[in-house]
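Chain residues, written in single-letter form:
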Amino acid sequence: MRVKILGKKGSLTLEFAKLKDMQGEEKKEFANSLNMQKDAFNKAFESKVKELNALALDEKMKENAQHFSYFDENAQVGALHPVMATMDKIIEYFLALNFSIEKGPLIEDDFHNFEALNLPKSHPARDMQDTFYFDDKRLLRTHTSPVQIRTMLATKPPIRMITPGAVFRRDLDLTHTPMFHQVEGLVVEEGQKVNFANLKSILEEFLIFMFGDVRVRFRPSFFPFTEPSAEVDISCVFCKGQGCRVCKQTGWLEVLGCGVVDPNVFKFVGYENVSGYAFGLGVERFAMLLHEIPDLRSLFEGDLRLLEQFK
Ligand code: PHE
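Residues numbered from 1 in each chain as written. Predicted model: local features only at pLDDT ≥ 70, side-chain atom pairs only at ≥ 80, totals over all residues. Heavy atoms only, no water.

**Some words on the sheet that holds strand β1 (residues 100-101)**
Working step 1: Spatially, the seven strands line up as an open sheet ordered β1-β4-β5-β9-β8-β7-β6, and their pairing is mixed. Since the sheet does not close on itself, it has two edges, and those belong to β1 and β6 (216-223), each with one partner. (Pairing = 2+ DSSP bridges. Helix = DSSP H or I, 4+ residues; strand = E, 2+ residues; numbered from the N terminus.)

In structure tokens:
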């Protein structure tokens, strides 16, 4: 087609040749119209080439697809990892209550991970979380709480958020791995609308949603970023509170940290006259209790014999 129109003896080329015998206005007009035709042809030509190339690619893919769709008989269907399935169940509960889902970086700085959470430098509470540091003082976040700070700095109350994600600590034994997952929650309202009673009722219902028929108790505790603070226990899901090896004969299992947001945290993010509560939980721990998995580390080994049980 192109040779026929724009080749050496192409129809349009021959028309262009006539220009040399023309002059003035007539030549200008004729040249204009020829150029327009040439442009129109080139455009049409290019789009047709694209179309044909796409078709050719389609054909090729169809041919090769036969190889991809050839499944070995041993191919196995996977399943959601129990930690992710547990995370989904936690998220499901809070989504239904209109919480938003926020995200933050895994590599944090001192300000977001510690300082703005009311953990000044050299504060002994920093030892509660053994931190991985980079040479330039940045660090792997030790909890999901820095996302509270980031969200408060970026928006105004009311806030009703959870933030699920990986966290890192220098720890490794039966019940600790250097990477694990937390879900953090934060609620902030203007004025004094939010208090410990709200926190208590929402967490009680949440734990019954997760674990079914359990008793829930709040124990006074300490976190630098909440005041008052509590740790939350459920009656042991293994022995129903009778006392066993898993609950160390106490009948209770610790599952959550929480509290009313410390006024100092609000100062760091420039909030005035607000109230709020926060909580944080370890997803692996929830998964272990839900599925009676005795060793935390087995969740990270990718052993199909374990994972297959969750199909
Ligand atoms: N950030 C705390 C931890 O990782 C958990 C927590 C979150 C406690 C929010 C209270 C409020 O241990």
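**Section: the site of the ligand**
Working step 1: Every one of the 14 residues lining the ligand counts as a neighbour, but H143, S145, R169, Q182 and E184 are closest to it.
Working step 2: Q182 is positioned with one of its side-chain polar atoms (N or O) 2.9 Å from an oxygen atom of the ligand.
Working step 3: Here the ligand, which alone exposes 330 Å², has 92% of that area covered by the protein.
Working step 4: For the shell around the ligand, the secondary structure elements donating two or more residues are β5 (179-190), β8 (252-261) and β9 (274-282). (Near = heavy atom within 4 Å. Polar contact = N/O pair within 3.5 Å; in protein donor to acceptor, adjacent residues only side chain to side chain. Areas by Shrake-Rupley, 256 points an atom, 1.4 Å probe, with all protein chains shown as cover.)

**Quick look at the pairing of strand β4 (residues 159-168)**
In regular strands, side chains alternate between the two faces of the sheet.
Working step 1: Counting buried residues along β4, nine of its 10 residues qualify, which places the element largely inside the surrounding structure.
Working step 2: Where β4 and β5 come together, 10 bridges link them in antiparallel fashion. Residue pairing for β5: T163 is matched across the bridge by E184. (Buried < 20%, exposed > 50% of the residue type's maximum accessible area, 1.4 Å probe, protein only.)

**Quick look at helix α4 (residues 82-96)**
Working step 1: In this model α4 runs 21 Å from its N-terminal to its C-terminal C-alpha over 15 residues, within 8% of the 21 Å that 1.5 Å per residue would give.
Working step 2: Those residues of α4 that sit buried are P82, V83, T86, M87, I90, I91, Y93 and F94.
Working step 3: Trailing α4 by a residue or two, N98 shows a phi angle of about 75°, which is positive. (Expected span 1.5 Å × (residues − 1).)

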